[in-house]
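# Topology and contacts: notes
Here is how the chains run, residue by residue.
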Amino acid sequence: MGIRITSWNVNGIRNPFGYQPWRDRRTFEGMFDILEADIVVFQETKIQRKDLRDDMVLVPGWDNYWSLPKHKKGYSGVVVYTRNATCAPIKAEEGITGILTPPNSSTSFRDLPDEERIGGYPNSEQLAEADFDPANLDAEGRCVILEFPAFVLIGTYCPAERDETRTHYRTSFLRVLDARIRNLVRMGKKVVWTGDLNISREEIDTAASEESMRKNGLDPVEWISTPARRMFNQLLVGGKVHGPRDEGRETPILWDLCRAFNEGRRGMYTCWETKVNARPGNYGARIDYVICSHDMKDWFSDANIQEGLMGSDHCPVYAVTKDRVVVDGTEKHILDIVNPAGMFKDGVRKQQWSNKCLLPMSGKLIQEFDKRQSIRDMFTRKPSLPKSKSTVSETGDNAIMMRPPSLPATPPTNPNTLPQKEDNTLSRSTSDTSTNFKTVNGKRPAKTDPMPAAKKSKTQSIPNGHGKGQQSLRGFFAAKASSAVTSSDDPAPTEPAIAADATTEVSTPAAVALAVISPTKSASSLEDEASNFTTKQTWGKLFSKPVAPNCEHGEPCKTMLTKKPGVNCGRSFWMCNRPLGPSGKQEKGSQWRCNTFIWASDWTRAPEPG
């Protein structure tokens, strides 16, 4: 088996664990085993450095390299995991421009010595063409680059065009990335580019191509020639490009592996809109790729999508290399060229991987994790317990062992009932100022109770803490006590007391019903309980889930909220709960979503039967 490269936009690094098959094991090591991958590239980790945890970083048998957003929280993020048993990079960088710096260094990647940097950085002209601050381009945590002896791996989460405010950033990012890839190939290095590129290559790669053309008033040539799609196709061998190619992009250099192994296959989508539940009907788009340099396309034996694996609004995509590949006319084992020189020879390990192989970008060298190399280390070192010192007070022939100041004192039952010794003085540590009592004639005076007896009696006579006021929303609806609470000193009644106004007439139907159940209660108590009962019903109706209308399938609808700007923004409506079909439209008389649409304000619940 060769090296398997897997890319997956996880939409939150812990998101997959809410689904099968990841839910059973709930570890990254177990996830990678199921994926059968050697290199795993995650996008949209949506995590900050302070939120990194041991199970993400100290994965047994794996190394990891992170690119996290510098400013925005819960946004973007890329991480690349590499299996130590099969591959180990020789260099690692973050970002596409080379402006960022390695950990604990003030020198940017592009200014490092040649033997320490990957290279291919965009020059001043290429950066000027992008017309965007390079530091801001790399501030969103969108790229990790690893170099192996055989190739350079680029893992990216390319920006999407959500609205016009992001168009310039997106175009600039793609231009700089295009320049970096072309520069690396020009240097003679092979490139594997993978990740969520947020671009559908052609009409066959998105179910919404016709709708997008109609919505934006574009014909097929204009649609395929939009800036991001045109730039992408100019990189790909066989990409559709209308008109003369752009300057500097005359030659295609990359190979779309998944499409090459599945030529002409329709419905090969990797992303689906969750808001409309489009995945069951496979109404989606292919925007996740594994792409390689054209001169290494023969290195791969398989590439595909894994649409059956749940855990995100995307599915994983992968590519697998052959065991043996031809490099510069010589056949070599793949393990020999994806590890540092001398670690493998003809596919047989000669040197064991160790912590000396860690690169400065490794997540295991982040300050919070570099003192231990596995989660087990948290439990192997027992914390040192502070030695407790006992305080001994000696008076005459008696020695009393006192508790350490750090231990809580046991509250006395009654100071007056404690045995007193006239000949000895009971002292405490002077450090315990809260319990440092003065003695009089060798005796400690009885502790006075700061609470008056009348107030104490009143407080203790109220059961269940109701004297503290309403403790919860439930207490608002609780029925009032029907009889007064007596002190523990009062004699217990020998028979139930009957209120003097028990024969008083009640005024509400609910109270009349309660009077039948509890004939001994007073009218005022019955009226109070009836009022509380009515209040409960009123609030229950207010907070109860509204009854949904049925759609054309005879099934309950779901409620949605309009977010599109306009006169209806903010209005709720009812619609069919079934997923969209392959057409992406509501359908009548089919198994997919029907045409049912009802504004919530127009829906009146049918009266209850009876």
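Residues numbered from 1 in each chain as written. Predicted model: local features only at pLDDT ≥ 70, side-chain atom pairs only at ≥ 80, totals over all residues. Heavy atoms only, no water.

How we decide: UniProt positions are given in the numbering used here, feature names are shortened, and annotations may be inferred rather than shown by experiment.
As annotated in an unreviewed UniProt entry, the protein carries the name DNA-(apurinic or apyrimidinic site) endonuclease 2 and is attributed to Vermiconidia calcicola. Per UniProt, the protein has the following entry under Sequence similarities (unreviewed entry): "Belongs to the DNA repair enzymes AP/ExoA family."

### Side note on the overall build of the protein
For clarity, the threshold we go by: Secondary structure elements follow DSSP: runs of H or I no shorter than four residues count as helices, runs of E no shorter than two count as strands, and numbering proceeds from the N terminus. In this scheme, a residue with accessible area under 20% of its type's maximum is buried, one over 50% is exposed, and one in between is partly exposed, where area comes from a 1.4 Å probe on protein chains only. Residue contacts follow a heavy-atom distance rule, with two residues in contact if any of their heavy atoms lie within 4.5 Å. Per-residue and other accessible areas were derived by the Shrake-Rupley procedure at a 1.4 Å probe size, with only the shown protein chains allowed to occlude residues.
Summing up its helical and strand segments, the protein has 15 helices and 23 strands in all. When each of the 610 residues of the protein is scored for burial, the buried share is 41%. At a minimum sequence separation of 6, the contacts of the protein that also span at least 24 residues come to 63%. For the protein, the exposed surface amounts to about 35,100 Å²; the carbon and sulfur share of it is 52%.

### Observations concerning helix 6 (residues 167–186)
Our working definition: Multiply 1.5 Å by the residue count of a helix minus one, and that product is the helix's expected span.
Spanning 20 residues, helix 6 covers 28 Å between terminal C-alpha atoms, matching the ideal 28 Å at 1.5 Å per step. The buried fraction of helix 6 amounts to 15 of the 20 residues, a majority that puts the element mostly inside the structure. Backbone geometry just downstream of helix 6 places Gly188 in the positive-phi region, at approximately 95 degrees.

### Details of the nonpolar core
Defined as follows: Nonpolar cores were defined as sets of buried Ala, Val, Leu, Ile, Met, Phe, Trp, Tyr and Cys residues, with membership established by side-chain atoms within 4.5 Å.
The biggest cluster of nonpolar side chains holds 46 residues, and the ones touching the most others in it are Ile39, Phe151, Leu153, Val192, Trp299 and Val338. For this core, the leading source of residues is strand 13 (residues 300–305), giving three residues. Aside from chain neighbours lying at most four places away, what touches Val192 is Ile5, Phe151, Val152, Leu153, Ile154, Val290, Ile291, Cys292, Met296 and Phe300.

### Remarks on the sheet that holds strand 7 (residues 152–157)
Rule in force here: Only strands joined by at least two bridges in the DSSP assignment are considered to pair. In this description, a line fitted to the C-alpha atoms serves as the axis of each element, helices being fitted only across the stretch in contact, and the angle between N-to-C directions of two axes falls anywhere from 0 to 180 degrees.
Here we have six strands laid out as an open sheet, ordered 5-6-7-8-12-9, and mixed in their pairing. Each edge of the open sheet carries a strand with a single partner, namely strand 5 (91–94) and strand 9 (254–256). Shown here is a sheet whose adjacent strand axes are inclined to one another by a mean of 20 degrees, direction ignored.

### Considering the sheet that holds strand 22 (residues 572–575)
One open sheet accounts for three strands, arranged 21-22-23; its pairing is antiparallel. Here the strands that pair on one side only, and so sit at the sheet edges, are strand 21 (558–561) and strand 23 (597–599). Each neighbouring strand pair of the sheet contributes to a mean axis angle of 30 degrees, computed without reference to strand direction. Where strand 22 and strand 23 come together, three bridges link them in antiparallel fashion. In the sheet register, Trp574 faces strand 23, and the bridge partner there is Ile598.

### Regarding the pairing of strand 15 (residues 324–327)
Of the two faces of strand 15, the one lined by Val325 and Val327 is fully buried and the one lined by Arg324 and Val326 carries no buried residue. Of the strand pairs in this sheet, strand 15 and strand 16 (residues 330–333) are connected by four bridges, and their pairing is antiparallel. Paired with Val325 across the two strands is Lys332, which belongs to strand 16. Taking the residues between adjacent antiparallel strands as the criterion, strand 15 and strand 16 are bridged by two residues, where Asp328 takes a positive phi near 55 degrees.

### Remarks on the side chain of Asn64
In plain terms, the rule: We define a polar contact as two N or O atoms separated by no more than 3.5 Å, with the added condition that, inside protein, one atom must be a possible hydrogen donor and the other a possible acceptor, whereas residues neighbouring each other in sequence contribute only through side-chain atom pairs.
The topology assignment puts Asn64 in strand 3 (residues 62–67). Here Val57 takes part through its backbone oxygen, which lies 2.7 Å from a polar atom of the side chain of Asn64. Asn64 has contacts with Met56, Val57, Val79, Val80, Tyr81, Met361, Ser362, Gly363 and Lys364, leaving out every residue within four places of it along the chain.

### Notes on the packing of helix 6 against helix 9 (residues 227–235)
Packed helices, taken two at a time, are described by the angle their axes make and the gap between the axes. Our working rule: An angle below 35 degrees is treated as roughly parallel, one above 145 as roughly antiparallel, one from 65 to 115 as roughly perpendicular, and anything else as oblique.
Closest axis-to-axis distance for the helix 6/helix 9 pair is 10 Å, and the angle between their directions is 10 degrees. When the axis of helix 6 is compared with that of helix 9, the two are roughly parallel. Residues Arg170, Thr171, Leu174, Arg175, Asp178 and Arg182 of helix 6 lie in contact with helix 9, whose contacting residues are Ala228, Met231, Gln234 and Leu235.

### Digging into the environment of Asp302
Along the chain, Asp302 falls in strand 13. C-alpha of Asp302 to C-alpha of Asn262: the two residues are 40 residues apart in sequence and 9.6 Å apart in space. Leave out the neighbours within four places in its chain, and Asp302 touches Phe261, Tyr318, Ala319 and Val320.

### So, the UniProt feature "site: Interaction with DNA substrate" (unreviewed entry) in the protein
The UniProt record annotates "site: Interaction with DNA substrate" (unreviewed entry) at His314. Along the polypeptide, His314 turns up in the loop between strand 13 and strand 14 (317–321).

### Let's talk about unusual backbone geometry
In this chain, Gln20 is followed by Pro21 through a cis amide linkage whose omega measures 5 degrees. Assignment of secondary structure puts Pro21 in the loop between strand 1 (4–9) and helix 1 (22–25). Phi at Lys46 is positive, roughly 55 degrees, even though this residue is not glycine. Checked against the element boundaries, Lys46 lands in the loop between strand 2 (39–43) and helix 3 (54–57). Its relative accessible area of 33% is what places Lys46 among the partly exposed residues. In the Ramachandran plot, Ser76 falls in the positive-phi region, its phi being about 55 degrees despite a non-glycine side chain. Relative to the elements of secondary structure, Ser76 occurs in the loop between strand 3 and strand 4 (78–83). In this structure Ser76 comes out as buried when scored by relative accessible area, which is 1%.

### Remarks on the pairing of strand 1
Among the six residues in strand 1, six count as buried, and that is most of the element. Where burial is concerned, the two faces of strand 1 agree: the one with Arg4, Thr6 and Trp8 and the one with Ile5, Ser7 and Asn9 are both buried. Sheet analysis places strand 1 next to strand 14, joined by four bridges and oriented antiparallel. Across the sheet, the residue bridging to Arg4 is Val320, located in strand 14. Here five bridges tie strand 1 to strand 2, and the two strands are oriented parallel to one another. By the bridge assignment, Ser7 is partnered in strand 2 with Val41.

### Quick look at the packing of aromatic side chains
Rules: Working definition: a ring pair exists when centres of Phe, Tyr or Trp rings (six-membered ring for Trp) sit within 6.5 Å. Plane angles under 30 degrees give stacked, over 60 give edge-to-face, the rest tilted. As a reminder, the over-ring test applies to NZ of lysine and CZ of arginine, requiring each to be within 6 Å of the ring centre and within 35 degrees of the ring normal.
Under the counting rule described, the total for this entry stands at 18 aromatic pairs. Pairing Phe42 with Tyr81 gives two aromatic rings, centres 6.0 Å apart and planes at 70 degrees, and the pair type is edge-to-face. Remark: Tyr81 occurs in strand 4 and Phe42 occurs in strand 2; sequence separation between them is 39 residues. We note that Phe42, like Tyr81, is buried. Note on Trp193 and Phe232: the rings are 6.0 Å apart at their centroids and 90 degrees apart in plane angle, and the pair reads as edge-to-face. In this pair, Trp193 sits in strand 8 (residues 191–196) while Phe232 sits in helix 9, placing the two residues 39 residues apart along the sequence. We classify Trp193 as buried; its relative accessible area is 4%. Joined through ring pairs, the aromatic side chains of Trp8, Phe17, Trp22, Phe28, Phe32, Phe42, Trp62, Trp66 and Tyr81 make up one cluster. For the cation-ring pair, Arg229 lies above Trp223, with the distance from its terminal atom to the ring centre recorded as 3.8 Å. A cation sits over an aromatic face here: Arg571 above Trp599, 3.9 Å from the ring centre.

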